[in-house]
Amino acid sequence: MKYGYEKIRARNRTSKMVSESTFRLCVLTLSVLSPFVVIVFVLTNAFASADTVNAANSPGPRAVPTLQQLFILARHGNRGPIVTFPTFPYQSNNTDVWPYGEGQLTNRGRVQMYNLGMKFRSLYDGFLDEHFRQEDMLAQSTLVDRTMMSAAQFLAGLYPPKGFQVWNKDLMWQPIPIFITEKDHTMMVPISSSQTCPRFRQLQNESLIKYKNEHGSDILAFLQKVQPYTGITIDPKSPTAAMNHIWESFFCADNEGLTLPAWTKSVYPEPMISIYDEIYKAYTIATDTMIRLLQGQLFQEIIGFMGAKINGTLEPNRRLYFYSGHDNTIKTVFGMLGLGDFGGIAKTGSALILELHSGPQEGQHHVQVLYIDGGSKDLEPSFVNIPGCDFPCDFQLLSKMTEKYYNITDYESECQISP
């Protein structure tokens with residue numbers, strides 16, 4: 001028994017020696033390999049982090065070194081109709097179709113403006129800080145539900161919270177102030193609106209009378225063609241009112257992807273769009289004075305901000321000015337640039353862009369104009385040439401060319417009708 005016990009002890013000693021040798025070998029191996037493992041891990045993560053940083057910091061295609069200032073004038077997103085003709089299947093007061101109400105921003109419109117904000121982030125990332133800072137950006141809107149809500153959606157897409165601005169990890173949104181501008185006078189265009197500028201209304205009435213005298217027979221022929229389908233009442237003295245009802249019905253439903261009645265194919269989109277575009281110009285930009293009274297103060301502000309940036313007197317020294325407005329906001333500024341016929345009536349979610357760039361010579365600055373069609377799938381901006389001003393347009397020349405629209409010193413006095 002003793003011999004057997006000694007054999008067991010001998011085997012245990014041998015096993016222990018082997019185990020200790022194996023352990024020492026493992027320790028030695030790990031000691032040799034560990035530095036290399038750590039180095040590989042650190043380098044791998046460093047390269048990965050560098051790639052992430054580079055991807056995050058890669059500038060957008062419009063964030064070029066010469067860019068000094070950016071102005072965005074956007075039309076609000078899709079909305080419900082304010083009025084509809086009697087037989088229209090999607091009546092403006094039908095809350096099953098328009099749950100938010102007449103003239104209100106639809107869900108499609110909310111998505112539309114959010115996507116537009118993301119598009120501008122991709123275009124100008126690097127020029128625009130990834131963090132919202134009030135000293136860098138000013139957002140303004142007309143005092144209308146759909147424009148204020150459109151501004152909020154746009155800013156949510158443009159400035160998603162990052163880093164210290166994340167206050168709720170389950171909600172990638174942050175509050176950004178939107179200020180009301182009283183310099184965009186679009187809301188005085190509708191005939192039914194409250195009278196804020198008698199001179200503009202006088203000129204508008206004269207313009208509509210002239211248009212009716214020249215094109216009234218064509219409008220009446222169109223209305224008589226669609227009257228059996230629309231049930232609309234035609235007033236020969238004011239045919240444009242009936243056209244407004246038809247346009248509102250078609251345009252808003254079409255934007256929402258709703259199926260229009262089969263009979264509309266013979267009149268919409270054409271000739272309806274072309275006819276209504278001419279009516280729209282008669283309502284808004286028929287004369288230089290109408291243009292001046294509508295958006296002269298707004299453009300005066302834009303030119304003033306550009307001039308202050310150039311002179312080094314801009315305070316706060318902001319990079320971005322965003323205006324949430326209407327189709328008229330865009331149309332009238334195009335009118336100032338000599339492009340009243342450009343693009344027809346701006347689609348919802350469209351944006352007119354003014355970029356201030358430094359020139360190759362010291363003290364030289366120029367303006368580049370771009371346009372995003374809200375109806376396009378990719379929302380890619382296209383360059384716009386200003387008649388009489390080479391591309392890019394010299395700032396001083398642009399200022400002189402448009403001065404007749406914005407050199408306003410007393411707006412209220414200009415709005416009065418001379419005796």
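So, a few notes on the structure that sits alongside this text. (Residues numbered from 1 in each chain as written. Predicted model: local features only at pLDDT ≥ 70, side-chain atom pairs only at ≥ 80, totals over all residues. Heavy atoms only, no water.)

Structural notes on the nonpolar core
Okay, step 1: Residues F200, I246, F250, Y268 and M272 are the most contacted members of the largest nonpolar core, which totals 41 residues.
Okay, step 2: Every element with two or more residues in this core is listed here: α4 (198–230), α5 (239–255), α6 (272–284) and α7 (288–311).
Okay, step 3: Excluding residues that lie within four positions of it along the chain, I246 makes contacts with F85, L223, V226, I232 and M272.
Okay, step 4: Ranked by size, the runner-up nonpolar core spans 36 residues in total, among them F71, L314, L337 and F395. (Core = buried A, V, L, I, M, F, W, Y, C linked by side-chain atoms within 4.5 Å. Buried < 20%, exposed > 50% of the residue type's maximum accessible area, 1.4 Å probe, protein only. Helix = DSSP H or I, 4+ residues; strand = E, 2+ residues; numbered from the N terminus. Contact = heavy atoms within 4.5 Å.)

Considerations on the packing of aromatic side chains
Okay, step 1: One pass over the full model with this rule turns up 21 aromatic pairs.
Okay, step 2: On the numbers, 5.6 Å between centres and 65 degrees between planes, the contact of F120 with F154 is edge-to-face. Placement of F120 in helix α2 (residues 107–124) and of F154 in helix α3 (residues 145–158) is noted, with a sequence separation of 34 residues between them. For the residue pair F120 and F154, the accessibility class agrees, reading buried in each case. (Phe/Tyr/Trp six-rings, centres within 6.5 Å; stacked < 30°, edge-to-face > 60°.)

Observations regarding the state of the cysteines
Okay, step 1: Inspection of every chain in the model, using the stated rule, returns two disulfides.
Okay, step 2: Sulfur-sulfur distance for the disulfide between C389 and C393 comes to 1.8 Å. Measuring the twist about the S-S bond at about 90 degrees, one finds the C389-C393 disulfide to be right-handed. Neither residue differs from the other here; C389 and C393 are each classed as buried.
Okay, step 3: Cysteine pairing for the protein chain, with bonded cysteines counted in sequence order: 1-4, 2-3. (Disulfide = S-S within 2.5 Å.)

Some thoughts on the environment of Q295
Okay, step 1: With respect to the element layout, Q295 can be found in helix α7.
Okay, step 2: For the pair Q295 and G335, spaced 40 residues apart in sequence, the C-alpha separation works out to 9.9 Å.
Okay, step 3: Leave out the neighbours within four places in its chain, and Q295 touches K183, D184, H185, T186, N328, T329, T332 and M336.
Okay, step 4: There is a polar contact of 3.2 Å between the side chain of Q295 and the side chain of N328. (Polar contact = N/O pair within 3.5 Å; in protein donor to acceptor, adjacent residues only side chain to side chain.)

Side note on unusual backbone geometry
Okay, step 1: The omega torsion across E315 and P316 is -5 degrees, close enough to zero to call that bond cis.
Okay, step 2: Of note, P316 is situated in the loop between α7 and β4 (320–325).
Okay, step 3: Cis geometry is found at the peptide bond from F391 to P392, where omega equals -5 degrees.
Okay, step 4: Within the secondary structure, P392 sits in the loop between β7 (382–384) and β8 (393–394).
Okay, step 5: Positive phi, normally seen in glycine, also occurs at L379, with a value near 55 degrees.
Okay, step 6: As for its position among the elements, L379 is in the loop between β6 (365–372) and β7.

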